[in-house]
Structure formats: C-alpha cells, structure tokens
Amino acid sequence: MGIIEKIKEIEAEMARTQKNKATEYHLGQLKAKIAKLRTQLLEPPKGSSGGGEGFEVTKFGHGRVALIGFPSVGKSTLLTMLTGTHSEAASYEFTTLTCIPGIIHYNDTKIQLLDLPGIIEGASEGKGRGRQVIAVAKSSDIVLMVLDASKSEGHRQILTRELEAVGLRLNKRPPQIYFKKKKTGGISFNSTLPLTHVDEKLCYQILHEYKIHNAEILFREDATVDDLIDVIEGNRKYMKCVYVYNKIDVIGIDDVDRLARQPNSVVISCNLKLNLDRLLARMWDEMGLVRVYTKPQGQQPDFSDPVVLSADRGGCTVEDFCNHIHRSLVKDVKYVLVWGSSARHYPQHCGLSHNLRDEDVVQIVKKKEKEEGGRGRFKSHSNAPARISDREKKAPLKT
Ligand SMILES: Nc1nc2c(ncn2[C@@H]2O[C@H](COP(=O)(O)OP(=O)(O)OP(=O)(O)O)[C@@H](O)[C@H]2O)c(=O)[nH]1
Ligand SMILES: [K+]
Ligand SMILES: [Mg+2]
C-alpha cells in the first residue's frame, strides 16, 4: 500500500471514530501516524537528488512572495498588473503551467512575485503540479492566497488544509512548547498552566508513537495534540498569508464589505484596478522588511539605496547590517551612530547587538577613525535627520 492510501485509510478510521474522552488517546495516536506519513511523503524518493521536475526559479530581490490559488482566480492577471511582466491569462483553467517570476518595485526595495499554476484539492498529495507549487510557496517569505470573491468561501479552507498537510502554518506562531530529546532519564512532563486538551498520558502516547522514550517537555500554553505533533515533527514552516479576494467587480457591495472585514484579507479587482495599492501596502507590512540607510562620514545618506534586512531572514541588528555590507566589516567597527525610530536620541551610539528599525540611518565609526564633527558626545545634531519622512528623503538634508 502506498503512503497516500495509508493516510486515506487512517483518515477514514478517524472519521468513523466518535470523539469523546474514551477515544481521545486513540485519535491522538492516529493524528501522529498521519503526521509521520505526511513527513515521509515530503522526503525525496530514494536515489533522487531531491530536485526532480520542480520549478527552478532563482531567488531575486529582498523578498519572495508566492501567488497561490485555485485555477482562474486571476493570479496571472495580478502578476502582470503588479510587475509589468506578462503572464498569460485566459478564461480556461490551468492557463499557467509553470512558475513565472516578476519584480515589484516598492519602497526602494525589489520584491520577487511568483505566479504559479492553479492548485486544487489533493494538491498536497500530488494532484496536478500541486507538490511543486507548494514547494515554491514554502520557499517564499509570504503567501498571497488569491481567491475568487464570487466563488465558495470553502476554497480558502481547502487551500489552507492543502498547505497545512505539507507542514505550512499560515498566520500562526510556533506553539509555546519546550521539547528536547534526551539520551536517558525517561520523559519529564511539565506545564506552566492547566492543560485542557492534552494530559500526561496522551503526551506519552504520542511520544511513544515517535519512539521517543527520553525527553523533556514543558507546555507554556494550553496547546492541542496537533501543536504537540508540530513541535515533535519540528519541520513546520510558520508563514504570513494575506487572503486576496479578487473579482469584487462581479459581487455586491454587501459581500465586498463582509470579505474585506475578515482577518488578513484584502479585496481587489484586477479588472477595475481596485485596491491594488492597498494590497501592496499590506504585503509590504507583512514582510516586515527593515530598510537601513548608510550615512558615510561627512556625507548625506543615499536614500534611494537601502540595505534591506529582515527579522525572518538573517536578523536586524547592527551586526547583521554590517555583514550585509561586507563580511569582514564587523571586526573593524568601533560603534555606530543611529538616527531613526530605533534610537532613543539622535544620534545614538550603538553596539553590534542594537536592533535596527525600518528607515533608520546608520553611520559606521571604525576603530582608529574619528567620528564626524570630532570626538565627544555633544556633537551637533543638526547635520542628521531626526526622523526620516518621505518628504525629507526627496529634499537634500541640511548639513
Ligand atoms: N471579473 C473579473 N475577472 C477577472 C479579474 N481578474 C482576472 N479576471 C479574469 O479571470 C480569468 C482568469 O484569469 P487568470 O489570470 O488567467 O487566472 P489564473 O489564476 O492565473 O488562472 P490559472 O493560471 O489557470 O490558474 C481571466 O479571464 C481574467 O480576465 C477581475 O478582477 N474581475
Ligand atoms: K486561467
Ligand atoms: Mg495563471
């Protein structure tokens, strides 16, 4: 029997089993069995390099965004509108058969947007090109789930389930469960608060299913069995997802209003070019990019060319910033001067561990190099931006 058949069989058994206190342990065990099989399903077949016929698209720019959705919801139309790169759009399903990259220029950053074939129920098990599409989603920083506003709202749940089946967790944070495998000592089970979904016995049973007999486990929140399994599996990817309801031109205003109020949702119409600016702003916010402008000593910062950092990718400290400029820079840095929202006063003298925020300005002071305006803390502040507004960026700063 293949892995998919095994999963189906267990799913059927779960559907047959009534949910109550007596079956709780059994159901938990079945969930763990499915999770193990799904992980097996993700492993590349033995003997292959793992790549297979995936969509090989080189990463480009400061972040990557994937368009995921059912066929004909308007993904390609949206890519063409936002990036100017043409991607064939048509009224028949599966117009797009491969991954088509485009670039969004936004806030002086470049973001790679990927158009992908439509996916359908069963994608995670390999229907259509589902597996390859989902692999691209996993390689992205955020997902835009494109939905047809005139179609069933169930589509959103179906797609979420498909992505969850391969270990993606949308708009969730990792469960607050500390878990560490040990060599000896048995299982130590603790929690910092009363648990209503999981007890010691269930926890042992799940661990047993994974053949884990020595481990330390501490619940810091009232987590579920699914959370526990996620932590044990350890291969989940937690991603932001914006639900993009397209084609609002064909539905009534009441429906538009209702969809727009749902969490993490933006309503748009590609045909009428409605709300695309809102979508871009939302996408930008969710990506959490941090633009840092370098100010060379005695010169104005170049506001058109930021160093772009991200908490999810590499971090946002002064050290991360230095490493972005040059790997060997860190060892020469004495301290840095920071202007912007991360600074308590302007300029603030900061060390390598200081966390930078979006639109900060940084001047690096190297060892054996004097800072601008001579030594001392009471240097003039007038030559540097207090807060960098878009307006200021366009006009040269006074020195
Ligand atoms: N009414 C309306 N139709 C739209 C809108 N955006 C796209 N369409 C139409 O929807 C159809 C499908 O658009 P595509 O861009 O090909 O959709 P897709 O999601 O890329 O489809 P696949 O590549 O087949 O998965 C086309 O006929 C588009 O013209 C919109 O905002 N309103
Ligand atoms: K289409
Ligand atoms: Mg398409």
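Computed from a predicted model, the values in this text were never measured in an experiment. (Residues numbered from 1 in each chain as written. Chains lettered and ligands numbered in written order. Predicted model: local features only at pLDDT ≥ 70, side-chain atom pairs only at ≥ 80, totals over all residues. Heavy atoms only, no water.)

**Concerning the coordination of the potassium ion (ligand 2)**
Looking at the metal site, the potassium ion (ligand 2) is ligated by Ser-72 (OG), Ala-90 (O), Tyr-92 (O) and Thr-95 (OG1), spaced 2.7 to 2.8 Å from it. Read in sequence order, the donor residues for the potassium ion (ligand 2) give the motif S-x17-A-x1-Y-x2-T. Taken as a pair, the potassium ion (ligand 2) and the magnesium ion (ligand 3) show a spacing of 5.0 Å. Taking the relative accessible area as the measure of exposure, Thr-95 reaches 17% and is therefore buried. (Donors = N, O, S within 2.8 Å, 3.2 Å for Na, K, Ca; no water. Buried < 20%, exposed > 50% of the residue type's maximum accessible area, 1.4 Å probe, protein only.)

**Remarks on the confidence of the model for the chain**
The pLDDT averaged across the chain works out to 90; a share of 90% of its residues lies at or above 70. In this model residues 394–399 is a low-confidence stretch, pLDDT under 50, and it forms nine contacts with partners more than four residues away in sequence or in other chains. (pLDDT = per-residue confidence, 0-100. Contact = heavy atoms within 4.5 Å.)

**Comments concerning the pattern of salt bridges**
Any two side chains of opposite charge can pair, on the condition that their charged atoms come close. Applying the stated criterion across every chain, the model contains 22 salt bridges. Across the pair Asp-230 and Arg-236 runs a salt bridge, and its minimum N-O distance is 2.7 Å. We classify Asp-230 as buried; its relative accessible area is 8%. The exposure class of Arg-236 is buried, given its relative accessible area of 17%. (Salt bridge = Lys/Arg side-chain N within 4 Å of Asp/Glu carboxyl O.)

**Brief notes about the site of ligand 1**
Taken together, 23 residues are adjacent to ligand 1, and Lys-75, Ser-76, Thr-77, Thr-95 and Thr-96 come closest. Here an oxygen atom of ligand 1 and a backbone polar atom of Gly-118 are 3.4 Å apart. At a separation of 3.0 Å, an oxygen atom of ligand 1 approaches a polar side-chain atom of Lys-247. When isolated, ligand 1 has an accessible area of 660 Å², and the protein chains bury 88% of it. For the shell around ligand 1, the element with the highest residue contribution is helix α3 (residues 75–83), accounting for three residues. Broken down by class, the residue content of the shell around ligand 1 amounts to eight nonpolar, 11 polar and four charged. (Near = heavy atom within 4 Å. Polar contact = N/O pair within 3.5 Å; in protein donor to acceptor, adjacent residues only side chain to side chain. Areas by Shrake-Rupley, 256 points an atom, 1.4 Å probe, with all protein chains shown as cover. Helix = DSSP H or I, 4+ residues; strand = E, 2+ residues; numbered from the N terminus. Nonpolar A, V, L, I, M, F, W, Y, C, P; charged D, E, K, R; others polar.)

**What about the packing of aromatic side chains?**
Taken as a whole and assessed by the stated rule, the structure comprises three aromatic pairs. With a centroid separation of 5.9 Å and 50 degrees between ring planes, the pair formed by Tyr-106 and Trp-284 is classed as tilted. In this pair, Tyr-106 sits in strand β2 (residues 100–106) while Trp-284 sits in helix α9 (residues 276–287), placing the two residues 178 residues apart along the sequence. Side by side, Tyr-106 and Trp-284 carry an identical accessibility label, which is buried. With a centroid separation of 5.0 Å and an interplanar angle of 70 degrees, the aromatic rings of Tyr-293 and Phe-303 are classed as edge-to-face. Taken together, the residues span a long stretch of sequence, with Tyr-293 in strand β11 (residues 289–294) and Phe-303 in the loop between β11 and β12 (307–310) at a distance of 10 residues. In this structure, Lys-36 packs its charged tip against the face of Tyr-210, placed 5.7 Å from the ring centre. The ring of Tyr-243 has Arg-156 sitting right over it, with the charged end atom 3.5 Å from the ring centre. (Phe/Tyr/Trp six-rings, centres within 6.5 Å; stacked < 30°, edge-to-face > 60°. Lys NZ or Arg CZ within 6 Å of the ring centre and 35° of its normal.)

**Things to note about unusual backbone geometry**
With an omega of -15 degrees, the peptide bond between Tyr-346 and Pro-347 qualifies as cis. The residue Pro-347 is located in the loop between β13 (333–339) and β14 (348–350) in this model. The phi angle at Asn-171 is positive, at roughly 50 degrees, despite the residue not being glycine. Position of Asn-171 relative to the elements: it lies in the loop between β5 (168–170) and β6 (177–181). One non-glycine residue, Glu-359, lies in the positive phi region at around 75 degrees. Positionally, Glu-359 belongs in the loop between β14 and β15 (360–366).

**Thoughts on helix α7 (residues 225–233)**
With seven of nine residues buried, α7 lies mostly within the body of the structure. Buried within α7 we find Val-225, Leu-228, Ile-229, Asp-230, Val-231, Ile-232 and Glu-233. Taken together, the buried residues of α7 touch α2 (24–42), β5, β6, α6 (200–209), β8 (215–219) and β9 (237–246). Gly-234 occupies a position one or two residues after α7 and carries a positive phi of about 70 degrees.

**With respect to the sheet that holds β8**
Strand order in the open sheet formed by three strands is β6-β8-β7, and the pairing between neighbours is mixed. The sheet is open, and its two edges are formed by β6 and β7 (187–191), each paired on a single side. Within the sheet, the average angular offset between the axes of one strand and its neighbour, ignoring direction, is 5 degrees. Where β6 lies against β8, five bridges are found, and the strand directions are antiparallel. Among the inter-strand pairings, Tyr-178 is bridged to a residue of β8, identified as Leu-218. Together, β6, β7 and β8 form the strand contacts of α6, whose direction differs from that of β7 by roughly 135 degrees. Strands β6 and β8 of the sheet are contacted by α7, whose axis makes an angle of about 40 degrees with β6. (Pairing = 2+ DSSP bridges. Axes fitted to C-alpha atoms, helices over the stretch in contact; angles between N-to-C directions.)

**Considerations on the sheet that holds β12**
Strands sit in the order β12-β11-β15-β13-β14 across an open sheet of five strands; the sheet is mixed. The open sheet has two edge strands, β12 and β14, and neither has a second partner. Adjacent strand axes in the sheet meet at a mean angle of 35 degrees when their direction is disregarded. The sheet contact formed by β13 and β15 spans six bridges and is antiparallel. Its bridge partner being in β15, Val-336 is matched across the sheet by Ile-364. Contacts between helix α10 (residues 318–325) and the sheet are confined to β11, β12, β13 and β15, with β12 contributing the most and set at about 135 degrees to the helix.

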